[in-house]
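One-letter residues, chain by chain:
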Amino acid sequence: MALDDLAAVADDAAEFEIQPPQPQASASTEPSTNGEVPVLVIVPTHGWRAIDLREVWRYRGLLFALTAREIKIRYKQTILGAAWALIQPLMTTGIFAALFAILMGRANMPTVPGIPYVVSTFCAMLPWQLFAHSLSQSGQSLIAHQAMITKVYFPRLILPFSSVLAALVDFGIALVALLVMMLWYGVTPSWAAVTLPVFMVLAVVASLAGGLLLAALSAIYRDFRYVIPFIVQFGMFLSPVVYSTSSLESKLPDWAMVLYGLNPMVGVIEGFRWALLGIARPPDLMFLVSIVMTFLLLIGSMYYFRRMERTFADVI
């Protein structure tokens, strides 16, 4: 997108305090009644800033344009195209299914009771892939668009937001594949399937929370661009992706399960399984703890991002 187009969109400045227009001699050759035009003076703010999502909405045209651009770039000059949204989670599920079958036997695989392991794991892969991809792309979003940040104003929150929205495309493709897999294995969802949009929103919230924090940290401390892959890999094994929470309850004490529930993705992943796989047991207290941690992390990440936003153009 041309910088002129971005400048046309940038009609407000939420990360700055705007002083009242002051009269100043105009250099324009256009006729004027008094020979003067108002001048907009922008100065940096100080301290912690409030979160202004209304400004992001005013720039929604830029948000959708960056999202579409990121989707096009991702699949540009690829042979399989959007099929990669299915290949990665399917291969990961197949590898762990074969590994656990060899090491533990099919009867002892860490799956949800009554659900085939491949269905249980692929269901968990949907929110996890959304979260992992959002972390990877959001963490690099400010650095990838440093030319825009240093030349034109727009809400910097748009860059991590666009990465999460782009990841939703892969999520939608994988969700269709999961429904086909459930039909193949004869897994029928219960009435809890109507709550799926709630858990989809929670998955997006968790993705935004982690993405905003890592985006701000990566812009200031470039070491985090190397740390992000380790966070994604390590976090997968701390979350119930290739195993189920029920397989841990008999092996861990109560205090360990409480710590385990502090992981925001625990509640999201188990919520997906409950909504889609027809599991009789609804989310419990551990799920509520995970959800509270998700929203606390989001609020803290947004405030930190806004706090450091005024320095991005100088340090990036």
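Residues numbered from 1 in each chain as written. Predicted model: local features only at pLDDT ≥ 70, side-chain atom pairs only at ≥ 80, totals over all residues. Heavy atoms only, no water.

**Remarks on the overall build of the chain**
Tallying secondary structure elements over the chain gives 14 helices and four strands in all. Across the 316 residues of the chain, 45% fall into the buried class. Long-range pairs, those at least 24 residues apart, make up 82% of the contacts in the chain between residues at least 6 apart in sequence. Here the chain displays about 16,400 Å² of accessible surface, and carbon together with sulfur accounts for 68% of that area. (Helix = DSSP H or I, 4+ residues; strand = E, 2+ residues; numbered from the N terminus. Buried < 20%, exposed > 50% of the residue type's maximum accessible area, 1.4 Å probe, protein only. Contact = heavy atoms within 4.5 Å. Areas by Shrake-Rupley, 256 points an atom, 1.4 Å probe, with all protein chains shown as cover.)

**Considerations on the packing of aromatic side chains**
As enumerated under the stated definition, the model contains eight aromatic pairs in all. Seen in terms of ring centroids, Phe 171 and Phe 272 are 5.9 Å apart; in terms of plane orientation they differ by 90°. Their pairing is edge-to-face. Here Phe 171 is found in helix α7 (residues 158–185), whereas its partner Phe 272 is found in helix α12 (residues 264–276), with 101 residues between them in sequence. Each member of the pair, Phe 171 together with Phe 272, is buried. One aromatic cluster in this structure is built from Phe 96, Phe 100, Tyr 117 and Phe 237. Lying across the ring of Phe 154, Arg 156 places its NZ or CZ 4.9 Å from the centre. (Phe/Tyr/Trp six-rings, centres within 6.5 Å; stacked < 30°, edge-to-face > 60°. Lys NZ or Arg CZ within 6 Å of the ring centre and 35° of its normal.)

**Details of a nonpolar patch on the surface**
On the surface, a cluster of nonpolar side chains totalling about 590 Å² of accessible area is made up of Trp 255, Leu 259, Leu 262, Val 292, Met 293 and Leu 296. The set of elements that each furnish at least two residues to the nonpolar patch consists of α11 (254–261) and α13 (285–309). Here the nonpolar patch takes three residues from α13, the largest share from any one element. (Patch = residues over 30% accessible without salt bridge, like charges linked within 9 Å, V, L, I, M, F, W, Y side chains within 5 Å. Salt bridge = Lys/Arg side-chain N within 4 Å of Asp/Glu carboxyl O.)

**Some details on the nonpolar core**
When a protein is soluble and globular, its nonpolar side chains tend to lie buried together. Grouped together as the largest cluster of nonpolar side chains are 55 residues, with contacts concentrated most on Trp 128, Val 241, Val 242, Phe 272, Leu 276 and Leu 277. Counting residues per element, the ones that place at least two in this core are α4 (84–104), α5 (117–144), α7, α8 (196–220), α9 (224–238), α11, α12 and α13. With twelve residues, α5 is the largest single contributor of residues to this core. Here Trp 128 is in contact with Val 232, Gly 235, Met 236, Ser 239, Val 241 and Met 265, once residues within four sequence places are set aside. Within the second largest apolar cluster, 29 residues are counted, among which are Val 56, Leu 63, Leu 142 and Leu 298. (Core = buried A, V, L, I, M, F, W, Y, C linked by side-chain atoms within 4.5 Å.)

**Things to note about the environment of Ser 134**
Along the chain, the position of Ser 134 falls in helix α5. Taking the C-alpha atoms as reference, Ser 134 lies 9.6 Å from Ala 206; in sequence the two are 72 residues apart. In this structure Ser 134 touches Gly 139, Val 164, Ala 167 and Ser 207, once residues within four positions along its chain are discounted. A polar atom in the side chain of Ser 134 sits 2.7 Å from the backbone oxygen of Leu 130. (Polar contact = N/O pair within 3.5 Å; in protein donor to acceptor, adjacent residues only side chain to side chain.)

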